[in-house]
Amino acid sequence: MKKIHFLGECMVELRAGDASTMHQSFAGDVYNSAVYLKRVFPEVATSIVTAVGQDNLSDKMVATFEQESIDTRYVFRHESKVAGLYLVETDETGERSFTYWRSDAAARKVVDFLNSDVLAELATGDMFFFSGISLAVIEEDARSLFWEKLELLKNAGIKLVFDPNYRARLWRSEEQAKEQFERALHVSDIALPGVEDLTELYGVDSAQGVIDFCRPFGLQELVIKNGPGSVVTFESETLLTHKITPVTNVVDTTSAGDAFNGVYLGARLTGQAVSGSVQLAAKAAGIVIQHPGAICPVAAFDAVKS
Ligand code: ADP
């Protein structure tokens, strides 16, 4: 059985309903990807590597992982911290705004739990995914230790997969984000950047620009997302441009890239070629954006498989 581990943070999501109610769910880039991968490829063992608290919402979060058939053996329980939280509000014009309470979240401590026994188990996997959000969330003091642990996984032959997912507000400075991203690209085998991720930091504004920027890092596989424009891949010295069928009824693009990543990696893990994997991933993302929130209903998502 193929195995993939997703390291990062899942948060409690609150979405304002009418004047006196809020809808509560769970979301976070790596969690979203794990959910969509597992829904399409139940045969791939999919786990989340994170830390949550001992509080009730953390219990519910873990129960939600289990409902989605995500392996929770690497969901560690911090004794005093709690899960991070964010609120999504939508104004009269449909514009969304986000407020976060995550600066003291349990997930920031995940590296503390990656002892040698855990690493030995993670080293039996096939892929290990982390994002720019995962990196930003890890406490600054723990990052050098994180890189050491990642190096061990790499030396054990695990494919390391990185999506920069740049969120300016999570970083102390652009320089810090750039330094960490470049380190991630150096160590990774596969990268799945969106063009926009690199625009603010590096002034890159096209797929070709991303390829030129990434070339020195020697990635085995580069998959560049560019909204409804196209997906460009560079693998085994082959450059391919994949057409995307634009969705006309876009409701909410939250987690489009996450769904794409999860389904793409599931397809690659189960032996599909790059082109077929992109087509399936784009189909999945195209369904997700026709529904509100990060995680779309199971029934609607089933269309990916038809
Ligand atoms: P991110 O969410 O990381 O910013 P993108 O906006 O590039 O990433 O979207 C990820 C994927 O979602 C795209 O590669 C594409 O497959 C799909 N997608 C995004 N917007 C649309 C759209 N308007 N129509 C169809 N597919 C879309």
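Report on the accompanying structure.

Criteria and thresholds
Residues numbered from 1 in each chain as written. Predicted model: local features only at pLDDT ≥ 70, side-chain atom pairs only at ≥ 80, totals over all residues. Heavy atoms only, no water. Helix = DSSP H or I, 4+ residues; strand = E, 2+ residues; numbered from the N terminus. Rg over C-alpha atoms; globule rule 2.2 N^0.38 Å. Buried < 20%, exposed > 50% of the residue type's maximum accessible area, 1.4 Å probe, protein only. Contact = heavy atoms within 4.5 Å. Lys, Arg positive; Asp, Glu negative; His and termini not counted. Charge placed at Lys NZ, Arg CZ, Asp CG, Glu CD. Near = heavy atom within 4 Å. Polar contact = N/O pair within 3.5 Å; in protein donor to acceptor, adjacent residues only side chain to side chain. Areas by Shrake-Rupley, 256 points an atom, 1.4 Å probe, with all protein chains shown as cover. Nonpolar A, V, L, I, M, F, W, Y, C, P; charged D, E, K, R; others polar. Axes fitted to C-alpha atoms, helices over the stretch in contact; angles between N-to-C directions. Parallel < 35°, antiparallel > 145°, perpendicular 65-115°, else oblique. Left-handed = near helix turned anticlockwise from the far one by under 90°.

### Quick word on the overall build of the chain
Argument step 1. On a plain count of helices and strands, the chain comes out with 11 helices and 13 strands.
Argument step 2. Since a compact globule built from 306 residues should have a radius of gyration of about 19 Å, the 18 Å found for the chain is in line with a globular shape.
Argument step 3. Overall size of the chain, expressed as C-alpha extent along the three principal axes, is 50 × 50 × 40 Å.
Argument step 4. Sorting the 306 residues of the chain into buried and exposed places 54% on the buried side.
Argument step 5. Counting only contacts in the chain whose residues sit at least 6 apart along the sequence, the fraction spanning at least 24 positions is 68%.
Argument step 6. Side-chain charges in the chain split into 28 positive and 42 negative, and the spacing between the mean points of these groups amounts to 4 Å.

### With respect to the site of the ligand
Argument step 1. In the vicinity of the ligand lie 16 residues, with Gly-227, Thr-245, Val-247, Gly-257 and Ala-285 positioned nearest.
Argument step 2. Between an oxygen atom of the ligand and a main-chain N or O atom of Gly-227, the distance comes to 2.6 Å.
Argument step 3. Interatomic distance of 2.8 Å between a backbone N/O atom of Val-247 and a nitrogen atom of the ligand.
Argument step 4. Summarising the interface, the protein chains cover 83% of the accessible area of the ligand, which totals 560 Å² for the free molecule.
Argument step 5. Counting residues per element, the ones that place at least two in the shell around the ligand are helix H9 (256–269) and helix H10 (274–288).
Argument step 6. Broken down by class, the residue content of the shell around the ligand amounts to 11 nonpolar, four polar and one charged.

### Digging into the packing of helix H1 (residues 29–40) against H9
Argument step 1. Relative orientation of the contacting elements H1 and H9 amounts to 45 degrees, with a least axis distance of 7 Å. Relative to H9, H1 is oriented oblique. Judged by the twist between their axes, the crossing of H1 over H9 is right-handed. Counted together, Asp-29, Asn-32, Ser-33, Tyr-36, Leu-37 and Val-40 of H1 and Asp-258, Ala-259, Asn-261, Gly-262, Val-263, Leu-265 and Gly-266 of H9 form the full contact between these two elements.

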